[in-house]
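Structural overview
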Amino acid sequence: MERIQTNQQFQEKINGDHYTIMKFDATWCPDCKNLDRFIGDIVTEYSDKQFYAVDSEQFEELTEKYDVRGIPSLLVFKNGEKLAHLHSKFAKTPAQIREYLDTIN
């Protein structure tokens with residue numbers, strides 16, 4: 001999963017007319033490391049969506065702007081608008097993430 005490097009890159013990615021999933025995480029986060037063990041399969045399954053990773057500490061202004069209170073969190077964007085937010089406590093298993101992504105169409 002490609003990691004966002006700049007605010008400009010973040011804006012470009014979320015402004016598309018397709019679903020973009022931004023995974024907010026941090027290098028020290030054990031739940032994030034657990035999610036990373038299985039997220040690759042999910043990215044492959046949901047190839048109609050674009051997935052990117054955002055370091056919540058490197059981009060604190062984005063973390064605050066989009067109300068990311070826990071990590072990992074998965075935020076869905078389309079045409080620059082945040083459409084959905086899977087908070088960290090519901091992003092711990094592949095089944096939870098698949099159920100969340102299945103609601104986005």
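Quick look at the structure, then. (Residues numbered from 1 in each chain as written. Predicted model: local features only at pLDDT ≥ 70, side-chain atom pairs only at ≥ 80, totals over all residues. Heavy atoms only, no water.)

1. A few points about the side chain of His 85
The condition that has to hold: Each helix is a run of H or I in the DSSP string that is no shorter than four residues. Each strand is a run of E no shorter than two, and both are numbered from the N terminus. In the analysis that follows, any N or O atom pair within 3.5 Å is treated as a polar contact, provided that within protein one partner can donate a hydrogen and the other can accept it, and provided that, for residues neighboring in sequence, both atoms belong to side chains.
Structurally, His 85 can be placed in strand β5 (residues 81-86). Within the structure, the side chain of His 85 is placed 3.4 Å from the side chain of His 87, a separation counted as a polar contact.

2. Some thoughts on the packing of helix α2 (residues 30-45) against helix α4 (residues 94-102)
Basically, it comes down to this: For helices, the fitted line uses only the C-alpha atoms of the stretch in contact; every axis is such a line through C-alpha atoms, and the angle between N-to-C directions lies from 0 to 180 degrees. Less than a right angle of anticlockwise turn of the near helix away from the far helix marks a crossing as left-handed, whereas a clockwise turn marks it as right-handed. Any two residues having at least one pair of non-hydrogen atoms within 4.5 Å are treated as being in contact. Three classes are used, and their members are as follows: Ala, Val, Leu, Ile, Met, Phe, Trp, Tyr, Cys and Pro are nonpolar, Asp, Glu, Lys and Arg are charged, and the others, Gly among them, are polar.
Across the interface, α2 lies against α4 with an axial gap of 10 Å and an inter-helix angle of 35°. The hand of the α2/α4 crossing is right-handed. Here α2 contributes Leu 35, Phe 38, Ile 42 and Glu 45 to the contact with α4, which in turn contributes Pro 94, Ile 97, Arg 98 and Leu 101. Looking at side-chain class alone, the contact of α2 with α4 contains six nonpolar, no polar and two charged residues.

3. Quick look at the sheet that holds strand β2 (residues 20-25)
Let me state the cut-off plainly: Strands qualify as paired when DSSP identifies two bridges or more between them.
Read from one edge of the open sheet, five strands run β1-β3-β2-β4-β5, paired in mixed fashion. In the strand order of this sheet, the two ends are held by β1 (2-3) and β5, each with one partner. Examined bridge by bridge, β2 and strand β4 (residues 73-78) share five bridges and lie antiparallel to one another. The residue bridging Thr 20 from the neighbouring strand is Phe 77, located in β4. Its contacts with the sheet place helix α1 (residues 7-14) against β1, β2, β3 (50-55) and β4, and it is angled at close to 145° to β2.

4. Comments concerning α2
What counts, and what does not: Any helix carries an expected span of 1.5 Å times its number of residues minus one. To get the bend at any residue, fit one axis to the seven residues that end at it and another to the seven that begin at it, then take the angle between the two axes. Throughout this description, buried means an accessible area under 20% of the type-specific maximum (1.4 Å probe, protein chains only), exposed means over 50%, and partly exposed covers the range between.
Here α2 spans 24 Å end to end across 16 residues, near enough to the 22 Å set by a 1.5 Å rise per residue. At Phe 38, α2 is deflected by roughly 45°, the largest bend along its length. Inspection of α2 places Cys 32, Leu 35, Phe 38, Ile 39 and Ile 42 among the buried residues, and these make up the whole buried set. Looking at the buried side of α2, the elements it contacts are β2 and α4.

5. Here we look at the pairing of β3
In plain terms, the rule: Crossovers are marked right-handed if the path from the first strand over the helix to the second runs clockwise, as seen with the strands pointing away from the viewer.
Of all six residues in β3, five are buried, a share of seventy percent or more. As judged from the two bridges shared by β1 and β3, these two strands associate in the parallel manner. Its bridge partner being in β3, Glu 2 is matched across the sheet by Tyr 52. Across six bridges, the pairing between β2 and β3 is parallel. Pairing of Phe 24 across the sheet is with Val 54, part of β3. Once you follow β2 into α2 and on to β3, the crossover reads as right-handed.

Limitation: the analysis is restricted to geometry and does not speak to function.
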